[in-house]
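Summary of the model geometry
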Amino acid sequence: MHTFTSAMRATFRYAFFCVALVAILWAVLPPYRLFLQSLLLGMGCSLLGGTVLVSKTWRIGQMAVDPSVRPKGTGMLQRLLLAGFAVFLTIRFPHLFVLSGVLIGLFLFQVLGFFFVYRSLK
């Protein structure tokens, strides 16, 4: 579990760094605010979904150590609802968000998580 924990810490660290970078770009580049705030919405939902995934995975790992701990699902429904909510907001408020930015932002945690978990397995 130590390898998983360190990989997830690195993933969250770089994800928050990316969110901070996009927030700074949003403040500095007014012509691109529509795309950047869409990217922020997608990144925020991605981080929430990643948090759900990490907590469920941690609970399953705890079950391997202590059989009395019982996980309740994998969090798939919560993560799908988060992504669906982000897309719903994008379609409902087209003057505030662009679908391409939201979809790119939704993959932030998955891409970073894949990179850091794969790197930790070497």
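Residues numbered from 1 in each chain as written. Predicted model: local features only at pLDDT ≥ 70, side-chain atom pairs only at ≥ 80, totals over all residues. Heavy atoms only, no water.

**A closer look at the overall build of the chain**
Applicable threshold: By the criteria applied, helices consist of DSSP H or I runs no shorter than four residues and strands consist of E runs no shorter than two, each listed in order from the N terminus. Per-residue accessibility, obtained with a 1.4 Å probe over protein chains only, is compared with the maximum for each type, and a residue is labelled buried under 20%, exposed over 50%, and partly exposed between these values. Residue exposure ignores everything except the shown protein chains as possible cover, and the areas themselves are Shrake-Rupley values with a 1.4 Å probe.
Regarding its fold elements, the chain presents five helices and zero strands. Once the C-alpha set of the chain is aligned to its principal axes, its extents read approximately 55 × 30 × 20 Å. Relative to its full complement of 122 residues, the chain shows a buried share of 30%. When the accessible surface of the chain is split by element, carbon and sulfur atoms take 74% of a total near 8,000 Å².

**Considering the packing of helix α2 (residues 33-65) against helix α5 (residues 108-121)**
Note the cut-off: Note on definitions: angles span 0 to 180 degrees between N-to-C directions of axes, and those axes are lines fitted to C-alpha atoms, for helices only across the stretch in contact. With respect to orientation, any angle under 35 degrees is reported as roughly parallel, any angle over 145 as roughly antiparallel, any angle of 65 to 115 as roughly perpendicular, and every other angle as oblique. In this description, contact between two residues means that some pair of their heavy atoms is separated by no more than 4.5 Å. Amino acid classes used here: Ala, Val, Leu, Ile, Met, Phe, Trp, Tyr, Cys and Pro are nonpolar; Asp, Glu, Lys and Arg are charged; the rest, including Gly, are polar.
Viewed as axis vectors pointing N to C, α2 and α5 meet at an angle of 50 degrees, and their least axial separation amounts to 7 Å. The orientation of α2 relative to α5 falls into the category oblique. Contact residues: Met43, Ser46, Leu47, Gly50 and Val54 in α2; Leu108, Phe109 and Gln110 in α5. Considering only residue class, the contact of α2 with α5 consists of five nonpolar, three polar and no charged.

**Topic: the packing of aromatic side chains**
Applied cut-off: The pairing test for Phe, Tyr and Trp rings, Trp by its six-membered ring, is centres within 6.5 Å, and the orientation test on the planes gives stacked under 30 degrees, edge-to-face over 60, and tilted for anything in between. Note on geometry: a ring has a charge over it if NZ (lysine) or CZ (arginine) is within 6 Å of the ring centre and within 35 degrees of the ring normal.
As enumerated under the stated definition, the model contains four aromatic pairs in all. The interplanar angle of 75 degrees and the centroid separation of 5.1 Å between the aromatic rings of Phe115 and Phe116 together place this pair among those described as edge-to-face. For Phe116, a relative accessible area of 7% gives the class buried. In textbook terms, an aromatic cluster arises when at least three aromatic residues are bridged by ring pairs, as seen for Phe12, Phe16 and Phe109. Seen from the ring of Trp26, Arg33 lies directly overhead, with NZ or CZ sitting 4.4 Å from the centre. Directly above the aromatic system of Phe93 lies the positively charged group of Arg92, at a separation of 5.6 Å from the ring centroid.

**A closer look at helix α1 (residues 2-28)**
To keep things clear, this is the line we draw: Here a helix's expected span is defined as the number of its residues, less one, multiplied by 1.5 Å.
Taking 1.5 Å of rise per residue, the 27 residues of α1 would be expected to cover 39 Å, and the 39 Å separating its terminal C-alpha atoms lies within 8% of that figure. All buried positions along α1 are accounted for by Ala7, Met8, Ala10, Thr11, Phe12, Ala15 and Val22. Residues of α1 that are buried make contact with α2 and α5.

**Some points on the confidence of the model for the chain**
The predicted coordinates should not be examined in detail at positions where pLDDT is low. Definition in use: Confidence of the predictor at the level of single residues is given by pLDDT, which spans 0 to 100.
Overall, the predicted model of the chain reaches an average pLDDT of 90, with 98% of residues at or above 70. By mean pLDDT, α5 is the weakest element of the chain at 83, and helix α3 (residues 76-92) is the strongest at 95.

**Examining the layout of surface pockets**
The method is simple in principle: a probe with the dimensions of a water molecule rolls over the atoms, and the space it marks as empty is what remains. The criterion, for reference: The method works on a 1 Å grid over the protein atoms by themselves. A cavity is a set of points holding a 1.4 Å probe that cannot get out, a pocket is an open set with protein on both sides within 12 Å along at least five of seven lines, and residues with an atom within 4 Å of a point line them. Grid points are joined across faces, edges and corners, and a volume is the space filled by probe spheres set on the points.
The volume enclosed by the largest pocket comes to roughly 240 Å³. Lining the largest pocket are Cys45, Ser46, Gly49, Gly50, Met76, Arg79, Leu80, Leu82, Ala83, Leu106, Phe107 and Gln110. Top contributing element to the lining of the largest pocket by residue count: α3, with five residues. Looking at the lining of the largest pocket residue by residue, the class counts come to seven nonpolar, four polar and one charged.

**Overview of the packing of α1 against α5**
Short version of the rule: We call a crossing left-handed when the near helix sits turned anticlockwise from the far one by less than a right angle, and right-handed when that turn is clockwise.
With their axes 9 Å apart at the nearest point, α1 and α5 run at an angle of 140 degrees to one another. Read as a crossing pair, α1 and α5 show a hand that is right-handed. Listed contacts from α5 to Thr3, Ala7, Met8, Ala10, Thr11, Phe12, Tyr14, Ala15, Cys18 and Val19 of α1 are Leu108, Phe109, Leu112, Gly113, Phe116, Val117 and Ser120. Along the lines of polarity and charge, the residues of the contact of α1 with α5 split into 13 nonpolar, four polar and no charged.

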